[in-house]
Amino acid sequence: MAFISIKQVSYTYNGRKKPAVKDVSLDIERGEKVAITGLNGSGKSTLAKLMLGLLKPQKGTVLLDGKPVQKYSLPEVGEKIGYLLQNPSQMLFNTTVYNEVAFGLKWRGKSRAEIHRICKGYLEHFDLWQLRDAFPFNLSEGQKQLVALTAILALQPACLVLDEPTKSIDVSRKKKLIEILEDIWRQGTGIIVISHDVGFITRFGGRRVHLVEGEVVDAAAGC
Amino acid sequence: MLQLDVRTKLLLVVIFSVLALVYQNPKVLALLLVVNILTLSILGLPLAIFRGFYKFIGLYVLLIVIQSFFVKSGEPLLKLGEMYLLTTDGIWYGLAIILRFLILAASGLFLMHCNPTELTLALVKLRLPYEIVLMVQIGIRFIPVFINELQNTFNAIQLRGVDLRRVYKRKVLRVYVSIFSPLLYSVWQKAEKLSILLELRGFRKVPVRTYYRDIALSRTDYVIMATALLMTAIFVYAVKGL
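Residues numbered from 1 in each chain as written. Chains lettered and ligands numbered in written order. Predicted model: local features only at pLDDT ≥ 70, side-chain atom pairs only at ≥ 80, totals over all residues. Heavy atoms only, no water.

Asks: Whenever I open this one, unusual backbone geometry confuses me. Can you help?
Replies: Phi is mostly negative for residues that are not glycine, and the peptide bonds are mostly trans. All names here are of chain A. Notably, Gln8 is not glycine yet its phi reads approximately 50°, a positive angle. With respect to the helices and strands, Gln8 occurs in strand β1 (residues 4-11). The exposure class assigned to Gln8 is partly exposed, which follows from its relative accessible area of 42%. Positive phi is not limited to glycine here, since Glu164 has a value of about 50°. You can see Glu164 is positioned in the loop between β7 (159-163) and α6 (171-186). (Helix = DSSP H or I, 4+ residues; strand = E, 2+ residues; numbered from the N terminus. Buried < 20%, exposed > 50% of the residue type's maximum accessible area, 1.4 Å probe, protein only.)

Printed below as a string of structure tokens:
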């Protein structure tokens with residue numbers, strides 16, 4: 001059984017005539033590495049939101065772990081899928097970088113010592129430990145992106161959906177990001193990357209799903 | 001949908017809003033609401049938004065109860081000890097407030113499908129200072145953006161394990177309080193960036209601002225404006241004394 005199963009899904013935004021996503025069918029296995037590509041406005045982010053149940057399809061169904069995604073509450077979806085928004089600023093709502101990463105862990109009832117161990121581990125991994133007391137909104141866009149990603153990774157979801165993760169990060173951090181993604185993928189976490197950064201996608205590997213005007217035109221096997 | 005100049009729509013908004021505030025009699029206000037809805041449908045504006053008004057039924061009942069509680073006149077219909085819970089005058093005044101609210105909401109529909117640029121031009125032609133007009137325009141432009149950002153932040157919070165529907169009220173409050181300062185800061189940052197961008201594009205560099213687009217009143221606009229003013233005079237005369 002596929003981890004995420006999208007069946008004949010269509011979605012049209014309010015006030016628009018053209019569907020953002022049209023008759024898309026896609027199965028994503030647990031622990032799979034998938035790159036969703038396409039030009040701006042091709043429906044990549046809409047597809048991600050449909051996978052997470054943030055948008056309700058007007059046609060078709062989205063199954064998460066065999067159950068319609070709409071049957072899950074958002075926190076339940078969050079336990080299975082970690083989602084990185086295109087704009088990281090919208091994911092930051094704490095007063096320090098440390099609290100940002102610790103936020104989800106606190107709500108999952110982890111002990112103080114455990115939270116500290118996880119936060120320190122992830123923040124050091126991303127070279128963010130020295131920024132732990134910084135106000136997230138004062139960071140550069142690239143750093144914000146990494147803090148948001150760290151906060152998600154710390155919750156260790158079964159699958160990650162990353163919407164344009166390389167949008168504002170520099171070349172060295174991009175390289176580092178690929179290494180980290182590769183590392184967590186090897187540990188069994190599925191990764192779905194949405195991007196039009198060809199260089200990044202090529203190095204990321206995995207199955208490639210290409211969207212054109214809301215339709216899947218190519219779902220080639222991965223490298 | 002009938003294509004009208006924004007100034008015509010503004011005139012309709014002013015007429016209905018002023019009449020709604022001037023009259024207190026629910027019969028007059030009900031008549032005004034009917035005229036308002038008829039005008040909207042004649043102009044071809046969508047009335048679908050009215051379907052959502054039943055959701056406020058609790059608020060309507062509360063308004064009537066509050067009015068009954070404070071307005072001591074009229075026949076008491078429901079009492080709790082010495083306290084009036086429902087009186088005839090309370091219902092009367094409560095109805096007036098509800099109808100007023102509906103008329104004001106319906107008047108807003110005239111401007112709902114306005115092009116923001118045309119609205120700006122209309123306000124400039126009405127001799128409002130451009131700085132104020134721009135603030136109105138930015139406000140209109142950014143409301144959906146902020147709502148969307150707020151929704152994304154709430155989604156992000158929930159995806160990190162907080163079920164806002166199930167946690168205790170005190171904890172929910174803590175979440176809201178914790179996001180308030182970063183949110184305010186983000187709004188402040190946006191405003192600062194926007195002001196820099198405006199300066200860079202020469203905002204207020206020269207005292208006179210010209211416009212690429214222009215708006216002009218058509219014959220239909222004049223007819224509708226004249227009809228609206230005439231109808232207002234007839235309405236005021238017909239309900240005189242009520």
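Asks: I would appreciate a short explanation of the domain arrangement of chain B in the present structure.
Replies: Interfaces are often sized by the accessible area lost when the parts come together. Residue and element names in this part refer to chain B. Assigned domains of chain B: these are domain 1 (1-114 + 216-242) and domain 2 (115-211). Contact with domain 1, which involves six residues of that partner, is made by eight residues of domain 2. Between domain 1 and domain 2, the buried area comes to about 540 Å², and carbon and sulfur atoms account for 74% of it. Sorting the residues of domain 1 by area buried against domain 2 places Val6, Arg7 and Cys114 first, and these three jointly supply 75% of that buried surface. On the surface where domain 1 and domain 2 come into contact, there are zero salt bridges. Applying the counting rule to domain 1 against domain 2 returns zero residue pairs in polar contact (both at pLDDT 80 or more). The greatest single-element share of the side of domain 1 that touches domain 2, amounting to three residues, is contributed by helix α1 (residues 6-22). (Domains from an automatic or database assignment. Contact = heavy atoms within 4.5 Å. Buried area = accessible area lost by both parts, 1.4 Å probe. Salt bridge = Lys/Arg side-chain N within 4 Å of Asp/Glu carboxyl O. Polar contact = N/O pair within 3.5 Å; in protein donor to acceptor, adjacent residues only side chain to side chain.)

Asks: Before we go on, may I ask you to explain the interface of chain A and chain B in this structure?
Replies: Taken together, the contact between chain A and chain B spans 24 residues of the former and 24 residues of the latter. Counting the surface lost from both chain A and chain B, the interface buries some 2200 Å², and carbon and sulfur atoms represent 64% of this. For the interface between chain A and chain B, the tally reads one salt bridge. In this structure, the connection of chain A to chain B is made through five residue pairs in polar contact (both at pLDDT 80 or more). Among the elements of the structure, α2 (74-80) and α3 (97-107) of chain A are those that each provide at least two residues to the side of chain A that touches chain B. Per-class residue counts for the side of chain A that touches chain B are 15 nonpolar, seven polar and two charged. (Nonpolar A, V, L, I, M, F, W, Y, C, P; charged D, E, K, R; others polar.)

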